[in-house]
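# Descriptive structure summary
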Amino acid sequence: MTGSRVVALGHYQPAKVLTNDDLTAMVDTSDEWITSRVGIRTRHVGGPDEPVDELAAHAAAKALASAGLQPADIDLVLVATSTAIDRSPSMSARVAARLGMGSPAVMDINVVCSGFTHALATADHAVRAGAATRALVIGADKMGDIVDWTDRSTCVLMGDGAGAAVVTADPEGGDNPGIGPVLWGSVPEMGNAVRIEGTPPRFAQEGQSVYRWATTQLPPIARTVCERAGVTPEELAAVVLHQANLRIIEPVARKIGAVNAVIARDVVDSGNTSAASIPMALSKLVERGEVESGAPVLLFGFGGNLSYAGQVIRCP
């Protein structure tokens, strides 16, 4: 059994930027109200001619180029998304077709905001089991399509985008694997705290319940993720949490104890992009050179279904 590692990343966001001031013309809100409560200043919003699979394919193409690989080199495509309106073809199949891949296994994973870390663990397991050698793991969501733009409590949160990672076998990983053990779970009895329901589907949440759960229950789970990887929080070079809300990110990161880590705060510029938020934020940190190659990075997703999944990876 071999390990796996992330060898390259890519991200993509639509060109249109929606500022807090823009939102004041749509709902009863203000820049001060938004920034003080969620820390978001801008978000990117795709148009009707920019479907989820297009966002995903752009991010995937950048990750493949960074890895020096061709689409035909990939034998597994996983897309984490909760905004795929059509049941079939799946987002992963659509991305494979857009990129002109050969005959990869294709699978969508819907765990909402923790979808990417679930998908990354699934790719790691597939490689370790010998079922795949090179996987493309994508988080892509177009939250602008499912948000109620008349609801000031939710429309200020959301943005669109995609992030992608190329995962390959790591036979030399040994006791220091490129992707550490996953710790995942959920709180089924509280699953209704985050919902995407109806026709057309609309996003809704119980904000205070999610906030209390995230800030009180998740830090010890995240520290256990580090323990499983054989890393102390103080050794982390970066912490990339789901970019839900700056008022969640900062206290959770502080309670984890990652005192020497760069804390991803992409939510300020991108809003909550659900499954896209972690790979997009990590890709930007790497692109800016803020984390050294090989350094330990905690990825921790949480949200819809009150699910969570985290692992420590070695930065590509």
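Whatever comes next refers back to the structure up there.
The following paragraphs examine the structure supplied in this document. (Residues numbered from 1 in each chain as written. Predicted model: local features only at pLDDT ≥ 70, side-chain atom pairs only at ≥ 80, totals over all residues. Heavy atoms only, no water.)

### Regarding the pairing of strand β14 (residues 307-314)
Applied cut-off: Burial classification: accessible surface area is computed with a 1.4 Å probe over protein chains only, and a residue below 20% of its type maximum counts as buried, one above 50% as exposed, and the rest as partly exposed. Secondary structure elements are defined from DSSP: runs of H or I of at least 4 residues count as helices, runs of E of at least 2 residues count as strands, and each element is numbered from the N terminus. Note on pairing: two strands pair once DSSP finds at least 2 bridges between them.
β14 sits mainly inside the fold: seven of its eight residues count as buried. Pairing of strand β8 (residues 183-186) with β14 involves four bridges; the strand directions are antiparallel. By the bridge assignment, W184 is partnered in β14 with A309. Relative to β14, strand β13 (residues 296-303) runs antiparallel, the two sharing eight bridges. In the strand pairing of β14, V297 is matched with I313.

### Some details on the pattern of salt bridges
Note the cut-off: Salt bridge criterion: a side-chain nitrogen from Lys or Arg within 4 Å of a carboxyl oxygen from Asp or Glu.
Counting across every chain of the model gives 11 salt bridges. Across the pair D145 and K142 runs a salt bridge, and its minimum N-O distance is 3.6 Å. A salt bridge links E206 to R195; the shortest N-O distance between them is 3.8 Å. Of the two residues, E206 is situated in the loop between β10 (202-205) and α7 (207-229) and R195 in strand β9 (residues 194-197); the sequence distance between them amounts to 11 residues. Of the residues examined, R195 reaches a relative accessible area of 24% and is grouped as partly exposed.

### A short note on the sheet that holds strand β1 (residues 3-12)
Keep this limit in mind: Every axis in this analysis is a line fitted to C-alpha atoms, fitted for helices over the stretch in contact. Angles between the N-to-C directions lie between 0 and 180 degrees. Here a residue-residue contact requires only that any non-hydrogen atoms of the pair lie within 4.5 Å.
If you trace the five strands from one edge of the open sheet to the other, you get β1-β7-β6-β4-β5, paired in mixed fashion. The sheet terminates laterally at β1 and β5 (105-109), the two strands that pair on one side only. The sheet shows a mean angle of 20° between the axes of neighbouring strands, taken without regard to direction. Pairing between strand β4 (residues 76-80) and β5: five bridges, direction parallel. Each bridged residue has a counterpart across the sheet, and for A80 the counterpart in β5 is I109. Lying over the sheet, helix α3 (residues 52-67) contacts β1, β6 (134-142) and β7 (160-170), oriented at roughly 125° with respect to β1.

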